[in-house]
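Observations on the model geometry
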Amino acid sequence: MTAARILLIVGGGIAAYKACELVRLIRKAGHEVRCVLTGGAQHFVTPMTLAALSEQPVHTSLWDLKDEAEMGHIRLSREADLVVVCPATADLVAKMAAGIADDLATTLLLATDKPVLAVPAMNVRMWQHAATVRNVARLSADGITVMTPDEGPMACGEHGPGRLPEPAAILAAIGQALAPAARRLAGRHILVTAGPTHEPIDPVRYIANRSSGKQGFAIAGALAALGARVTLVAGPVALATPPGVTRTDVMTALEMEAAVQRALPADAAILVAAVADWRVAANGHKIKKRPGEAPAPLALVENPDILAGLAQSPRRPALLVGFAAETDAVLAHAEAKRARKGCDWIVANDVSGDVMGGETNAVHLVTAAGTESWERLAKAEVARRLAARIADTLEGPA
Ligand code: CTP
């Protein structure tokens, strides 16, 4: 990693103390770091601490004339190679999303022409609030890289996603943001489907499955982190959109198929979604329970196979990857599925345990060259490895 200049904007949250460790790690990695503290941040860490750790002046106020004379806020925002906001509090995220510039930190963020990496940390309810979800999506659409917070016990006593990622993970994200070489999929368009589909039985009931969407969302995020333009067609799940990903929400298999068609052409398609094989024949009215009568039969109609359809399509992506959720004879079924569906790879997993909804996955990658079995990994790590393999393949000889 070559030496870079980093502007670190520290927001006012309890996680601000971890900015001290981050400054230490950034320096150790050979980079220069200049810190800006919001008013709130100064309640958690002092400018003196960060000045000592960074060996650079620390900036706190837009109205510090000395700063303005020596280094205007425009220059401060432009001299950096990368702007890192850590912790990005709910308030700071909201101001960034709205383009508010009412202090030094937010003015720098609006004035900068450099890549920005935001590292959110906040209470779980604040992170999951519709306003924050909207703001984070806005930042991603604006090209800002937003790290996903860690899950676990929080300083406020609650539990959930919202914790600041470990400083070492933030340093890794900084490295990725700084290294254009890491953007191996820049210029590529990749389509990902994820989550379950809901097939209505009548206007108030539906058939669903246990897919959480986590693995597909992680894959979309990992591909975007390598610079790909990613279209994520998501079934009904309550997951945050990964940074840099364009998301289309759908409910049914038919809607998913239409969204996939609309997203073409693509260089690769990774169909992770657990698509319902059948839908219920149209029923526009609520099915009524009538005392003494037998239950209404459900007439099922086969859904289109999106993967097999794409494999036959003249607009077939150069690399087509399917998933296989199996409960027995995993490899034999996966190999047969690869041939039957006409895709290039099948990522097979055994879903007889707690894979659906869980955080880890043990997968087998079935390709024309054979089968590789990966050890049990976090879904994010499965996603990173798969994204790297996709990059290898798209970069390789045509
Ligand atoms: N798939 C799809 N459209 C469907 C059903 C499945 O695109 N209507 C895709 C999934 O996204 C996944 C792959 O096909 O990539 C395998 O799905 P799976 O449900 O395991 O396969 P099925 O065809 O349903 O086979 P089986 O039920 O026999 O396992």
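On to unusual backbone geometry, then. Between Cys86 and Pro87 the backbone carries a cis peptide bond, its omega angle lying at -5 degrees. Within the secondary structure, Pro87 sits in strand E3 (residues 82-88). Each neighbour pair has its own omega, and for Leu264 with Pro265 the value is 5 degrees, a cis peptide bond. Mapped onto the fold, Pro265 is located in the loop between helix H11 (253-263) and strand E13 (268-271). In the Ramachandran plot, Ala329 falls in the positive-phi region, its phi being about 40 degrees despite a non-glycine side chain.

Now for the sheet that holds strand E17 (residues 345-350). Taken in spatial order, the 8 strands of this open sheet run E12-E11-E8-E13-E16-E17-E19-E20, and their pairing is mixed. A strand with exactly one partner marks an edge of an open sheet, and here the two such strands are strand E12 (245-249) and strand E20 (370-373). On average, each strand axis in the sheet is tilted by 15 degrees relative to the strand beside it, whichever way the strands run. Bridge count for E13 against strand E16 (residues 319-326) is 4 bridges, and the pairing is parallel. Among the inter-strand pairings, Ile270 is bridged to a residue of E16, identified as Val321. Across the sheet, H11 is in contact with strand E8 (189-194), strand E11 (229-234) and E12; its angle to E11 comes to roughly 165 degrees.

Quick look at the site of the ligand now. Surveying the vicinity of the ligand reveals 14 residues, the closest of which are Leu271, Val275, Ile306, Leu307 and Gly322. Of all the secondary-structure elements, those providing two or more residues to the shell around the ligand are helix H12 (306-312) and E16. Examining the composition of the shell around the ligand, we find that 4 residues originate from one element, E16, more than from any other. A per-class count over the shell around the ligand returns 9 nonpolar, 3 polar and 2 charged.

It is worth spelling out the nonpolar core at this point. Counting residues in hydrophobic clusters, the biggest one holds 60 residues, and the most contacted among them are Ile190, Val192, Ile219, Ala220 and Leu223. In terms of residue count, the dominant contributor to this core is helix H10 (residues 214-225) (8 residues). Excluding anything up to four places from it in sequence, Leu223 contacts Leu185, Ile190, Val192, Ala228, Val230, Ala387 and Ile390. Core analysis: the next-biggest nonpolar cluster, separate from the first, contains 57 residues, Leu7, Leu82, Leu104 and Met147 among them.

The next point concerns the domain arrangement of the protein chain. Assigned domains of the protein chain: these are domain 1 (5-182) and domain 2 (189-395). The centre of domain 1, based on its C-alpha atoms, is set 35 Å off from the matching centre of domain 2. Of the residues lining the interface, 9 residues belong to domain 1; the matching set on domain 2 comes to 7 residues. Put simply, the parts of the chain that give the side of domain 1 that touches domain 2 at least two residues each are helix H8 (130-141) and strand E5 (145-146). Ranked by residues supplied to the side of domain 1 that touches domain 2, first place goes to H8 with 4 residues.

Here strand E9 (residues 199-202) pairs with strand E10 (residues 205-207) via 3 bridges, running antiparallel. Bridging across to E10, Asp202 finds its partner in Arg205. Linking E9 back to E10 in an antiparallel pair, the connection comprises 2 residues.

Our next topic: the packing of H10 against helix H14 (residues 379-395). Packed helices, taken two at a time, are described by their axes: the angle between them and the distance between them. Orientation of H10 relative to H14, taken along the N-to-C sense of each, is 45 degrees, at an axis distance of 8 Å. By the angle between their axes, H10 is oblique relative to H14. Note that H10 runs across H14; the crossing there is right-handed. Residue-level inspection shows Lys214, Gln215, Ala218, Ile219, Gly221, Ala222 and Leu223 of H10 in contact with H14, the latter providing Lys379, Ala380, Val382, Ala383, Arg384, Leu386, Ala387 and Ile390.

Let us now look at the packing of helix H1 (residues 18-28) against helix H2 (residues 47-54). Running from N to C, H1 and H2 point in directions that differ by 15 degrees, and their axes come no closer than 9 Å. On the basis of their axis angle, the class for H1 and H2 is roughly parallel. Our pair here, H1 against H2, has a crossing hand that is right-handed. Packed against H1, whose contacting residues are Cys20, Val23 and Arg24, the element H2 presents Thr49, Leu50, Leu53 and Ser54 at the interface.

Structurally, Pro291 can be placed in the loop between strand E14 (278-280) and strand E15 (300-302). As for Pro291 and Leu307, which are separated by 16 residues in sequence, their C-alpha atoms are 43 Å apart.

This part is about H1. It helps to recall that an α-helix has 3.6 residues per turn; residues three or four apart then point in one direction. Of the positions making up H1, those classed as buried are Lys18, Ala19, Leu22, Val23 and Ile26. Projection of H1 onto a plane perpendicular to its axis shows the buried side chains occupying an angular sector of 145 degrees, all on one side. Looking at the buried residues of H1, the elements they touch are strand E1 (5-10), strand E2 (32-37), H2, E3 and helix H9 (167-178). Where H1 ends, the next residue or the one after it, Gly30, has phi of about 95 degrees, a positive value.

Rules behind the numbers
Residues numbered from 1 in each chain as written. Predicted model: local features only at pLDDT ≥ 70, side-chain atom pairs only at ≥ 80, totals over all residues. Helix = DSSP H or I, 4+ residues; strand = E, 2+ residues; numbered from the N terminus. Pairing = 2+ DSSP bridges. Axes fitted to C-alpha atoms, helices over the stretch in contact; angles between N-to-C directions. Contact = placed C-beta atoms within 7 Å. Near = placed C-beta within 6 Å. Nonpolar A, V, L, I, M, F, W, Y, C, P; charged D, E, K, R; others polar. Core = buried A, V, L, I, M, F, W, Y, C linked by C-beta atoms within 7 Å. Buried ≥ 20, exposed ≤ 12 C-beta atoms within 10 Å, placed from the backbone. Domains from an automatic or database assignment. Parallel < 35°, antiparallel > 145°, perpendicular 65-115°, else oblique. Left-handed = near helix turned anticlockwise from the far one by under 90°. Arc of directions from axis to C-beta.

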